[in-house]
Amino acid sequence: QVQLVESGGGLVQAGGSLRLSCAASGSIFSTNVMGWYRQAPGKQRALVATITSGGSTDYADSVKGRFTISRDNAKNTVYMQMNSLKPEDTAVYYCYVNLRATFLRWAEDYWGQGTQVTVSS
């Protein structure tokens with residue numbers, strides 16, 4: 001079994017900061033891409049940021065310069081530091097990990113349960 005546990009969401013005023021964490025645990029052989037997606041009310045889930053096992057990053061244009069994604073490979077954990085938050089950043093944020101479990105010979109996508117981020121104006 002593999003589990004993703006997210007933490008760090010909450011309510012913050014515009015201009016404030018939050019740090020999200022997502023730890024993958026269980027029968028993990030290796031992790032590949034890790035990232036964050038978000039889904040605002042009435043909208044589709046959208047990519048926020050990703051990071052490869054080698055540390056290459058990619059960001060949605062709307063968060064470039066404000067959000068920073070990082071990872072700790074030894075802990076199978078991905079982080080996202082969110083600064084200068086705006087009301088339009090309000091959404092449920094989902095952790096995403098592409099990993100190979102020990103009981104499979106291929107990698108699969110796993111998702112966290114989601115954490116609410118609310119930015120008040």
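Notes on the structure follow.

The rules behind these values
- Residues numbered from 1 in each chain as written.
- Predicted model: local features only at pLDDT ≥ 70, side-chain atom pairs only at ≥ 80, totals over all residues.
- Heavy atoms only, no water.
- Pairing = 2+ DSSP bridges.
- Helix = DSSP H or I, 4+ residues; strand = E, 2+ residues; numbered from the N terminus.
- Axes fitted to C-alpha atoms, helices over the stretch in contact; angles between N-to-C directions.
- Salt bridge = Lys/Arg side-chain N within 4 Å of Asp/Glu carboxyl O.
- Buried < 20%, exposed > 50% of the residue type's maximum accessible area, 1.4 Å probe, protein only.
- Polar contact = N/O pair within 3.5 Å; in protein donor to acceptor, adjacent residues only side chain to side chain.
- Contact = heavy atoms within 4.5 Å.
- Core = buried A, V, L, I, M, F, W, Y, C linked by side-chain atoms within 4.5 Å.
- Disulfide = S-S within 2.5 Å.

Quick look at the sheet that holds strand β7 (residues 67-72) now. Reading across from one edge, β1-β3-β8-β7 is the order of the 4 strands in this open sheet, with antiparallel pairing throughout. Edge positions in the open sheet fall to β1 (2-7) and β7, since each of these has one partner strand only. Direction aside, neighbouring strands of the sheet carry axes that sit 15° apart on average. Bridge analysis of β1 against strand β3 (residues 18-26) gives 6 bridges, and the strand direction is antiparallel. Bridging across to β3, E6 finds its partner in C22.

Attention shifts here to the pattern of salt bridges. What the rule picks out here adds up to 3 salt bridges. Where R38 meets D89, a salt bridge forms, and the shortest distance between an N and an O atom there is 3.0 Å. Placement of the pair is R38 in strand β4 (residues 28-39) and D89 in the loop between β8 (77-82) and β9 (91-101), with a sequence separation of 51 residues. On the basis of relative accessibility, which here comes to 14%, the residue R38 falls in the buried class. For D89, a relative accessible area of 1% gives the class buried. Between D89 and R66 there is a salt bridge, with its nearest N and O atoms 2.7 Å apart. Taken together, the residues span a long stretch of sequence, with D89 in the loop between β8 and β9 and R66 in the loop between β6 (57-59) and β7 at a distance of 23 residues.

On to the side chain of T31, then. Mapped onto the fold, T31 is located in strand β4. Within the structure, T31 has its side chain in polar contact with the side chain of R71 (distance 2.9 Å).

Right, let's talk about the side chain of T115 for a bit. Following the sequence through the fold, T115 ends up in strand β11 (residues 115-120). Separated by 3.4 Å, the side chain of T115 and the backbone nitrogen of G9 make a polar contact. Excluding its chain neighbours within four sequence positions, the residues that come into contact with T115 are E6, G9, L20, A91, V92 and Y93.

Right, let's talk about the pairing of β3 for a bit. Of the strand pairs in this sheet, β3 and β8 are connected by 6 bridges, and their pairing is antiparallel. In the strand pairing of β8, A23 is matched with T77.

So, on to the nonpolar core. When a protein is soluble and globular, its nonpolar side chains tend to lie buried together. Grouped together as the largest cluster of nonpolar side chains are 32 residues, with contacts concentrated most on W36, M80, M82 and Y93. At the level of elements, β1, β3, β4, β5 (46-51), β7, β8, β9 and β11 are the ones that each hand at least two residues to this core. Setting aside chain neighbours within four positions, we find Y93 in contact with E6, L20, W36, Y37, R38, V48, F67, M80, M82, G114, T115 and V117.

This model, assessed by the stated rule, comprises 1 disulfide. Two residues, C22 and C95, share a disulfide whose sulfurs are 2.0 Å apart. Taking the sign of the S-S torsion, about -80° here, the bridge from C22 to C95 comes out left-handed. Of this pair, C22 sits in strand β3 while C95 is found in strand β9, placing the two residues 73 residues apart along the sequence. With a relative accessible area of 0%, C95 lands in the buried category.

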